[in-house]
Amino acid sequence: MLARKNILEEKAVGYSSRIVKLHKYLMTTKHESVLSKQILRSGTSIGSNVSESKFAQSKADFKSKLMIALKEANETKFWLEQLLAGSYITEKQYNSMFEDNVEIIKLLTSITRTLKDKYGV
C-alpha cells in the first residue's frame, strides 16, 4: 500500500538500526544476552513489519502488519524498562530509545485508527 518511503518507515527502520547497535553494546560491554536478544527480536520486528506492509495484499493485510508492528513496539518498550531496571542502560540511553519508541507507537496508532475510521478495516 505504501509506494514510497515515508516518515513511519524512516523512523521504524532507523529505530531497528539503533536496536541492533544496542544489542551489540549489551552483548559486548554488559555481557547481557537474554534481555538483549528479546529487545533485538521485538525492536527489529517493528521495522520489518512496517517494511512488509508496503506490499500488503489488501487494506486489512496492511493494517494487520501495522498492528503487529504496534504490538512489537509495545513489547520493546517493556524490554527497555527491564534494561533500565537492571542497570544495563543509563537513564539517558533509556530516554532516547523510549522517546523514539513512543513516537513510532503514536504514528502506528494514528494510521491504524484512520484505517478503521475511513475504511472500516
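Residues numbered from 1 in each chain as written. Predicted model: local features only at pLDDT ≥ 70, side-chain atom pairs only at ≥ 80, totals over all residues. Heavy atoms only, no water.

## Re the overall build of the protein
So, point 1. Helix and strand counts for the protein stand at four helices and zero strands.
So, point 2. Compactness check: the protein gives a C-alpha radius of gyration of 15 Å against a globular reference of 14 Å for 121 residues, within 12% of the reference.
So, point 3. Dimensions of the protein, computed from C-alpha atoms along their principal axes, come out at roughly 45 × 20 × 20 Å.
So, point 4. In the protein, which comprises 121 residues, the proportion classed as buried is 36%.
So, point 5. Long-range pairs, those at least 24 residues apart, make up 76% of the contacts in the protein between residues at least 6 apart in sequence.
So, point 6. When the accessible surface of the protein is totalled, it reaches about 7,000 Å², and 53% of it is carbon and sulfur. (Helix = DSSP H or I, 4+ residues; strand = E, 2+ residues; numbered from the N terminus. Rg over C-alpha atoms; globule rule 2.2 N^0.38 Å. Buried < 20%, exposed > 50% of the residue type's maximum accessible area, 1.4 Å probe, protein only. Contact = heavy atoms within 4.5 Å. Areas by Shrake-Rupley, 256 points an atom, 1.4 Å probe, with all protein chains shown as cover.)

## Thoughts on the side chain of N49
So, point 1. Mapped onto the fold, N49 is located in helix α2 (residues 34-53).
So, point 2. Among residues more than four places away in sequence, those in contact with N49 are K65, I68 and A69.

## Let's talk about the environment of V121
So, point 1. Residue placement: V121 occurs in the segment after α4 (91-119).
So, point 2. A C-alpha to C-alpha distance of 9.5 Å links V121 and F62, two positions 59 residues apart in sequence.
So, point 3. Setting aside its immediate chain neighbours within four residues, V121 contacts K59, A60, K63, L115 and K116.

## Observations regarding the pattern of salt bridges
So, point 1. Considering all chains together, one arrives at six salt bridges under this definition.
So, point 2. Taking the shortest distance from any N to any O, the salt bridge between E103 and K11 comes out at 3.0 Å. Remark: K11 occurs in helix α1 (residues 7-28) and E103 occurs in helix α4; sequence separation between them is 92 residues.
So, point 3. For E103, a relative accessible area of 34% puts it in the partly exposed group.
So, point 4. Where D100 meets R18, a salt bridge forms, and the shortest distance between an N and an O atom there is 2.3 Å. (Salt bridge = Lys/Arg side-chain N within 4 Å of Asp/Glu carboxyl O.)

## Quick notes on α4
Note on helix geometry: an α-helix contains 3.6 residues per turn, so any two residues three or four positions apart are oriented the same way.
So, point 1. Helix length check: α4, at 29 residues, gives a terminal C-alpha distance of 41 Å against a target of 42 Å (1.5 Å per residue), a fit within 8%.
So, point 2. Taken as a whole, α4 has its buried residues at Y94, M97, N101, I104, I105, L108, T112 and L115.
So, point 3. Phi turns positive, to about 70°, at G120, one or two residues after α4. (Expected span 1.5 Å × (residues − 1).)

## Side note on the packing of aromatic side chains
So, point 1. Summed over the entire model, instances satisfying the criterion amount to two aromatic pairs.
So, point 2. Ring geometry for F78 against W79: centres 4.8 Å apart, planes inclined by 70°, an arrangement best described as edge-to-face.
So, point 3. Exposure remark for F78: the relative accessible area of 39% places this residue in the partly exposed category.
So, point 4. According to the relative accessible area criterion, W79 is buried, its value standing at 16%.
So, point 5. Ring centres 5.2 Å apart and planes at 20° place the aromatic pair Y94 and F98 in the stacked group. Placement of the pair is Y94 and F98 together in helix α4, with a separation of four residues, close to one helical turn.
So, point 6. The class of Y94 is buried, set by a relative accessible area of 11%.
So, point 7. Above the ring of Y119, the side-chain terminus of K59 is found at 4.7 Å from the ring centroid. (Phe/Tyr/Trp six-rings, centres within 6.5 Å; stacked < 30°, edge-to-face > 60°. Lys NZ or Arg CZ within 6 Å of the ring centre and 35° of its normal.)

The analysis is restricted to geometry; functional conclusions fall outside its scope.
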